Amino acid sequence: MRDMSLMEKIVSLAKRRGFIFPGSEIYGGLAGIYDYGPLGVELRHNIKQHFWNAFITDRDDVYGMSASILMPERVWEASGHTELFTDPLVECKTCHERVRADQPEAIAAHEESHPEKPEWSNPSVFNLLVETRLGASEKSATKVYLRGEITQGVHVNFKNVVDSMHPKIPFGIGQIGKAFRNEITPRDFIFRLREFEQMELQYYIRPDEEEGKRQFAFWKEFAFSWYQSLGFDKTRLRLRAHAPDERAHYAKDAWDIEYETPFGWKEAWGIHHRGDWDLRRHSEYSGHDLSYFDESTGERFIPWDIECSGGVDRAVLFVLLEAYREDELGGETRTYLALSPRIAPIKAMVSPLLKNKPDLVARAREVRDALRKAHPAIAWDDNGNIGKRYRRQDEIGTPFCITIDFDTLGETPELKDTVTLRHRDTGEQERLTVAEAAERIKGAIQ
Ligand code: GAP
């Protein structure tokens, strides 16, 4: 088990440095709801972009789409969620707080908050779907659900994508977006939220046992290797098969990618063999034929679906936990985030050695503008002394700091137009031309 104080340090750093804030904090907040600040939104965006590139744009067999959050009740009846998307719940008979019956740690934590061990109600089932109503009057308003998984938005558009893009099977449809679950016990910062974001691929294949096994094995490995590329030490990630009684109602087979957090091994990502569950049920419930005609064989069938599904917020949390470091540099202790340059919110900070020298400032701004043309996310900082600026960037995971000094202006003629480039993890510095510094950044974020 890793050090639990790491979690507290991450929560504090995330708020202090503008990554993640409690949602609507000035009104007392809402359990399981968080807001992303200026750096958090960039980190989250970079993770999503990395997913989108690997799973969608870099492939010829996958299409992207973006479905709506609000969907009619019938969708969720068809998918099985109104009936089966439940958690067992128990209620404390002393204070009436409700806790998940299958989470002994939540029960134990609650019992500790009472002087005497409280009595619990018998377990009941609690549906996690979040409902609302649409319509201008009470009478005509219709019940709709905020999607409990982004998946169904893809399945209900299966025919639209087939008719517009004419894909050859096997093919996939990928999506990123918000999902909502009325979690009984949201907990562990942004690990279990009531509003969160998912990134998913639904990969449609011929309904064939061997093909199913082959594709499942392929996507399991693909997702595992992609997750590692977010910058994880391999020893803290593992693949785990679900036991048959642990699988969701739609899954023929299911594996999780798990990360070793300070609160144990936890699910980061799921790979599910959904068979023909979703398309068959939507065909039945909507009355629209969601089968696929394979021109190469002349067969018509309902495809099977291999799903890759990951939480964006969990990826943000796990990436922060993984990257957090404390060390000593130049005789001082420091905190830094060893984020992969690819997902770091800021790629490089440009700075004049001294703020009160107009020539240095003007040249530094030129360098910043030139680098910005080559890469987005190049920051400027001229506050305080250079050591403090480095520490600030270390703490938010900026991989490079570039300083413009008197040598850049030509004080040492052979160093004219060169800058110092400092590496976050080692604190080492090298002297480079601006073009070479731009190449270093490019090489690191690819
Ligand atoms: N479409 C399949 C599906 O939704 P899931 O295992 O329920 O499967 C997929 O969710 C991923 O979504 C999980 O691996 C996790 O990363 C993320 N996730 C699920 N519930 C979450 C919650 N309450 N808060 C944050 N992330 C969550």
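Residues numbered from 1 in each chain as written. Predicted model: local features only at pLDDT ≥ 70, side-chain atom pairs only at ≥ 80, totals over all residues. Heavy atoms only, no water.

Caption draft 1: Representation of the layout of surface pockets within the structure. Roughly 430 Å³ of internal volume is contained in the second largest pocket. Those elements that place two or more of their residues in the lining of the second largest pocket are α2 (38-57) and α14 (434-445). Looking at which element gives the most residues to the lining of the second largest pocket, the answer is α2, with 7 residues. Split by domain, the residues of the lining of the second largest pocket number at least three in each of domain 1 (5-85 + 128-320) and domain 2 (346-445). (1 Å grid on protein atoms, 1.4 Å probe; cavity = no way out; pocket = protein on both sides within 12 Å on 5 of 7 lines; lining within 4 Å. Points joined across faces, edges and corners; volume = space filled by probe spheres on them. Helix = DSSP H or I, 4+ residues; strand = E, 2+ residues; numbered from the N terminus. Domains from an automatic or database assignment.)

Caption draft 2: Main features of the site of the ligand. Taken together, 22 residues form the shell around the ligand, and within it Glu149, Thr151, Glu200, Glu267 and Glu307 come nearest. At 2.8 Å, a side-chain N or O of Glu183 approaches a nitrogen atom of the ligand. Coverage of the ligand by the protein chains reaches 93% of its 560 Å² of free accessible surface. Every element with two or more residues in the shell around the ligand is listed here: β11 (195-205), β14 (264-275) and β17 (304-311). With 6 residues, the single largest contributor to the shell around the ligand is β14. The residue inventory of the shell around the ligand, partitioned by class, reads 6 nonpolar, 7 polar and 9 charged. (Near = heavy atom within 4 Å. Polar contact = N/O pair within 3.5 Å; in protein donor to acceptor, adjacent residues only side chain to side chain. Areas by Shrake-Rupley, 256 points an atom, 1.4 Å probe, with all protein chains shown as cover. Nonpolar A, V, L, I, M, F, W, Y, C, P; charged D, E, K, R; others polar.)

Caption draft 3: Summary view of the sheet that holds strand β6 (residues 98-100). Here 3 strands make up an open sheet; going across it, the order is β6-β5-β7 and the pairing antiparallel. Sheet topology places β6 and β7 (124-127) at the edges, where each strand pairs with a single neighbour. Neighbour-to-neighbour, the strand axes of the sheet open up by a mean angle of 50°, direction not taken into account. (Pairing = 2+ DSSP bridges. Axes fitted to C-alpha atoms, helices over the stretch in contact; angles between N-to-C directions.)

Caption draft 4: Spotlight on the domain arrangement of the chain. The domain boundaries assigned to the chain delineate domain 1 (5-85 + 128-320) and domain 2 (346-445). Look at where the C-alpha atoms of domain 1 and domain 2 centre, and you get two points 39 Å apart. Between domain 1 and domain 2, the residue contacts involve 6 residues of the former and 5 residues of the latter. Taken together, both faces of the contact between domain 1 and domain 2 bury some 490 Å²; the carbon and sulfur share is 50%. (Contact = heavy atoms within 4.5 Å. Buried area = accessible area lost by both parts, 1.4 Å probe.)

Caption draft 5: Quick peek at the packing of α2 against helix α10 (residues 312-323). The interhelical angle for the contact between α2 and α10, taken along N-to-C directions, is 110°, at an axis separation of 10 Å. It follows from the interaxial angle that α2 and α10 lie roughly perpendicular. Helix-helix and strand crossings are classified by hand; for α2 and α10 the assignment is right-handed. Where α2 approaches α10, its residues Leu43, Arg44, Ile47 and Lys48 are matched on the opposing element by Val312, Asp313, Ala315, Val316, Val319 and Leu320. (Parallel < 35°, antiparallel > 145°, perpendicular 65-115°, else oblique. Left-handed = near helix turned anticlockwise from the far one by under 90°.)

Caption draft 6: Helix α9 (residues 277-286), seen in detail. For α9, the full list of buried residues reads Asp278, Leu279, Arg281, His282 and Ser283. Residues of α9 that are buried sit in contact with α3 (73-79), α6 (151-155), α7 (158-165), β11, β14 and β17. Phi for Gly287, located one or two positions after α9, is positive at around 80°. (Buried < 20%, exposed > 50% of the residue type's maximum accessible area, 1.4 Å probe, protein only.)

Caption draft 7: Broad picture of the side chain of Thr408. On the secondary structure map, Thr408 appears in helix α13 (residues 406-409). Overall, Thr408 belongs to the buried group, its relative accessible area being 1%. Of note is the side chain of Thr408, whose polar atom sits 3.0 Å from the backbone nitrogen of Asp405. Residue contacts for Thr408: discarding those within four places in its chain leaves Arg363, Thr403, Leu415, Lys416, Asp417, Thr418, Val419 and Arg431.

Caption draft 8: Local environment of the nonpolar core. Phe19, Ile47, Phe55, Trp226, Tyr227, Trp269 and Leu317 are the most contacted members of the largest nonpolar core, which has 66 residues in total. With 9 residues, the single largest contributor to this core is α10. Both of domain 1 (5-85 + 128-320) and domain 2 (346-445) provide at least three residues apiece to this core. Excluding anything up to four places from it in sequence, Ile47 contacts Met199, Trp226, Leu230, Ala315, Val316, Val319 and Ile343. Counting residues in each nonpolar core, the second largest holds 19 residues, with Val350, Ile378, Trp380 and Ile404 among its members. (Core = buried A, V, L, I, M, F, W, Y, C linked by side-chain atoms within 4.5 Å.)

Caption draft 9: The packing of aromatic side chains, seen in detail. Enumeration according to the criterion identifies 25 aromatic pairs in this entry. Here Phe55 and Trp226 contribute two aromatic rings whose centre-to-centre distance is 5.8 Å and whose plane-to-plane angle is 80°, an arrangement assigned as edge-to-face. Taken together, the positions of Phe55 in helix α2 and Trp226 in helix α8 (residues 209-228) put the pair 171 residues apart, joining distant regions of the chain. Per residue, the accessibility class of Phe55 equals that of Trp226, and both read buried. Positioned above the aromatic ring of Tyr250 is the side chain of Arg274, whose terminal nitrogen or guanidinium carbon lies 3.5 Å from the ring centre. Arg314 extends its terminal NZ or CZ atom over the ring of Phe191, reaching a point 3.8 Å from the ring centre. (Phe/Tyr/Trp six-rings, centres within 6.5 Å; stacked < 30°, edge-to-face > 60°. Lys NZ or Arg CZ within 6 Å of the ring centre and 35° of its normal.)

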